[in-house]
Amino acid sequence: MLRDDINNAVKEAMKAKDERKLSTLRMVNSTLKNADIEARGQGKPPLGDAEVLGVLQKMIKQRQESVELYEKGGRAELADQERAEIAVIQAYLPQQMSDDEIKSAIAATITETGAAGIKDMGKVIGALKAKYAGQMDFGKASGLVKAALTG
């Protein structure tokens, strides 16, 4: 399981005295624990690997936004710190799909689901999330799906 990999990496980072990696992984564990608590409050089971991947992607997106803000504000050291955190978190995500791979996956999913128009966009996105969790940026993919269904 992905959580076990993260917990083992925390132990390794402690032994190696890698402070950046250790603090980032502890932050990941804390975020996952908070997500589990939130899910429990809604009567859901603890997060599975697919949901954990979603949380990790969200954390990366937050850090990418922070990097942009820090760079605009002239805070290069803080931007570098966020980039280092992104690198640690990305190590636990599957390889991201290229734009061409995303487009072909969208085309195949539209065919599989029989989507005919924009009203079927939710069905297509749902199928993509089930099949490619953690492998594509769904913000970008939703724009491509919309374009494919309207064009």
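Presented here is a report on the structure given in the accompanying data block.

1. Details of empty space enclosed by the protein
Okay, so step 1: Counted under the stated rule, the structure contains one cavity of 30 Å³ or more.
Okay, so step 2: In this structure, the largest cavity occupies an estimated 30 Å³ of space.
Okay, so step 3: When residues of the lining of the largest cavity are traced back to their parent elements, those giving at least two are α2 (19-41) and α4 (76-90).
Okay, so step 4: In terms of residue class, the lining of the largest cavity is built from seven nonpolar, no polar and no charged.

2. Considering the pattern of salt bridges
Okay, so step 1: Counted under the stated rule, the structure contains eight salt bridges.
Okay, so step 2: The residue arginine 83 makes a salt bridge to aspartate 80 at a minimum N-O spacing of 2.9 Å. Here arginine 83 pairs with aspartate 80, and both are found in helix α4, just three residues apart, close to one helical turn.
Okay, so step 3: On the basis of relative accessibility, which here comes to 35%, the residue arginine 83 falls in the partly exposed class.

3. Focus on the environment of leucine 53
Okay, so step 1: On the secondary structure map, leucine 53 appears in helix α3 (residues 49-72).
Okay, so step 2: Between the C-alpha atoms of leucine 53 and glutamine 135, which are 82 residues apart in sequence, the distance is 9.0 Å.
Okay, so step 3: Once you skip the residues sitting within four places of it in the chain, leucine 53 turns out to touch Leu2, Tyr92, Leu93, Pro94, Ala133 and Gly134.

4. Remarks on the nonpolar core
Okay, so step 1: Counting residues in each nonpolar core, the largest one holds 25 residues, and the members touching the most others are Leu25, Val28, Leu56 and Tyr92.
Okay, so step 2: Secondary structure elements with two or more residues in this core: α1 (2-16), α2, α3 and α4.
Okay, so step 3: Per-element accounting of this core gives the leading share, seven residues, to α3.
Okay, so step 4: Not counting chain neighbours up to four residues away, the residues in contact with leucine 25 comprise Ile6, Ala9, Val10, Val88 and Tyr92.
Okay, so step 5: By size, the runner-up hydrophobic cluster in this structure holds 15 residues, among which are Met97, Ile102, Val124 and Val145.

Parameters and conventions
- Residues numbered from 1 in each chain as written.
- Predicted model: local features only at pLDDT ≥ 70, side-chain atom pairs only at ≥ 80, totals over all residues.
- Heavy atoms only, no water.
- 1 Å grid on protein atoms, 1.4 Å probe; cavity = no way out; pocket = protein on both sides within 12 Å on 5 of 7 lines; lining within 4 Å.
- Points joined across faces, edges and corners; volume = space filled by probe spheres on them.
- Helix = DSSP H or I, 4+ residues; strand = E, 2+ residues; numbered from the N terminus.
- Nonpolar A, V, L, I, M, F, W, Y, C, P; charged D, E, K, R; others polar.
- Salt bridge = Lys/Arg side-chain N within 4 Å of Asp/Glu carboxyl O.
- Buried < 20%, exposed > 50% of the residue type's maximum accessible area, 1.4 Å probe, protein only.
- Contact = heavy atoms within 4.5 Å.
- Core = buried A, V, L, I, M, F, W, Y, C linked by side-chain atoms within 4.5 Å.

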